[in-house]
Amino acid sequence: MSIVVTGATGLFGRHAIEALLGRGVPAGEIIAVGRQIDRIADLGERGVDVRRADYDEPASLTTAFAGGDRLLFVSASEVGRRIPQHRAVVA
Ligand SMILES: NC(=O)c1ccc[n+]([C@@H]2O[C@H](COP(=O)([O-])OP(=O)(O)OC[C@H]3O[C@@H](n4cnc5c(N)ncnc54)[C@H](OP(=O)(O)O)[C@@H]3O)[C@@H](O)[C@H]2O)c1
């Protein structure tokens with residue numbers, strides 16, 4: 001089962017991924033999604049599938065979520081953008 005974690009470049013997403021790894025979830029079953037993915041290069045080196053996507057670019061989400069079975073959506077905090085961003089992620 002593949003688990004997608006958005007916001008992986010931030011505090012909460014990083015914490016969630018470390019918790020999954022710590023509980024024995026294989027790195028290859030975790031898809032870490034964010035914009036500034038250079039910040040999670042270390043996760044890629046540990047076998048996590050690192051992918052770039054932007055909540056404001058729906059096509060990038062489709063590509064990044066491909067093959068994922070479960071999604072942990074860590075929302076952004078940009079005022080005025082939350083509803084369209086959430087809609088894009090859910091779609
Ligand atoms: N930290 C906690 O302990 C905690 C606990 C409970 C709930 N939360 C909630 O979790 C959310 C994130 O908190 P955080 O502390 O992790 O904040 P953070 O460190 O600032 O991380 C924000 C994350 O959102 C991503 N992001 C922002 N705009 C984006 C966009 N347009 N498209 C794609 N990704 C985007 C950022 O990606 P880039 O950096 O790559 O741009 C980053 O990964 C907030 O809603 C917060 O209320 C946090």
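Residues numbered from 1 in each chain as written. Predicted model: local features only at pLDDT ≥ 70, side-chain atom pairs only at ≥ 80, totals over all residues. Heavy atoms only, no water.

*Asks:* So what's going on with the sheet that holds strand E1 (residues 3–5)? Which residues, and what values?
*Replies:* Strand pairing in a sheet relies on backbone hydrogen bonds. The paired strands run either parallel or antiparallel. Spatial ordering of the open sheet is given by E3-E2-E1-E4, a layout of four strands whose pairing is parallel. Whereas interior strands pair on both sides, the edge strands pair on one side only; in this sheet they are strand E3 (49–52) and strand E4 (70–72). Neighbour-to-neighbour, the strand axes of the sheet open up by a mean angle of 20°, direction not taken into account. Across four bridges, the pairing between strand E2 (residues 30–34) and E3 is parallel. Bridge assignment links Ile-31 to a residue of E3, and that residue is Asp-49. Relative to E3, helix H3 (residues 58–65) is tilted by about 170°, and along the sheet it contacts E1, E2, E3 and E4. (Pairing = 2+ DSSP bridges. Helix = DSSP H or I, 4+ residues; strand = E, 2+ residues; numbered from the N terminus. Axes fitted to C-alpha atoms, helices over the stretch in contact; angles between N-to-C directions. Contact = heavy atoms within 4.5 Å.)

*Asks:* Go over the pattern of salt bridges with me, naming the residues and quoting the values.
*Replies:* Applying the stated criterion across every chain, the model contains six salt bridges. The salt bridge involving Glu-18 is made with Arg-46; its shortest N-O contact spans 3.0 Å. One end of the pair, Glu-18, is in helix H1 (residues 11–22); the other, Arg-46, is in the loop between helix H2 (41–45) and E3, with 28 residues separating them in the sequence. The exposure class of Arg-46 is partly exposed, given its relative accessible area of 43%. (Salt bridge = Lys/Arg side-chain N within 4 Å of Asp/Glu carboxyl O. Buried < 20%, exposed > 50% of the residue type's maximum accessible area, 1.4 Å probe, protein only.)

*Asks:* So what's going on with the nonpolar core? Which residues, and what values?
*Replies:* Counting 13 residues, the largest nonpolar core has Val-5, Ile-17, Leu-21, Ile-30, Ala-32, Leu-43 and Val-48 as its most contacted members. When residues of this core are traced back to their parent elements, those giving at least two are E1, H1 and E2. It is H1 that provides the largest number of residues to this core, a total of four residues. (Core = buried A, V, L, I, M, F, W, Y, C linked by side-chain atoms within 4.5 Å.)

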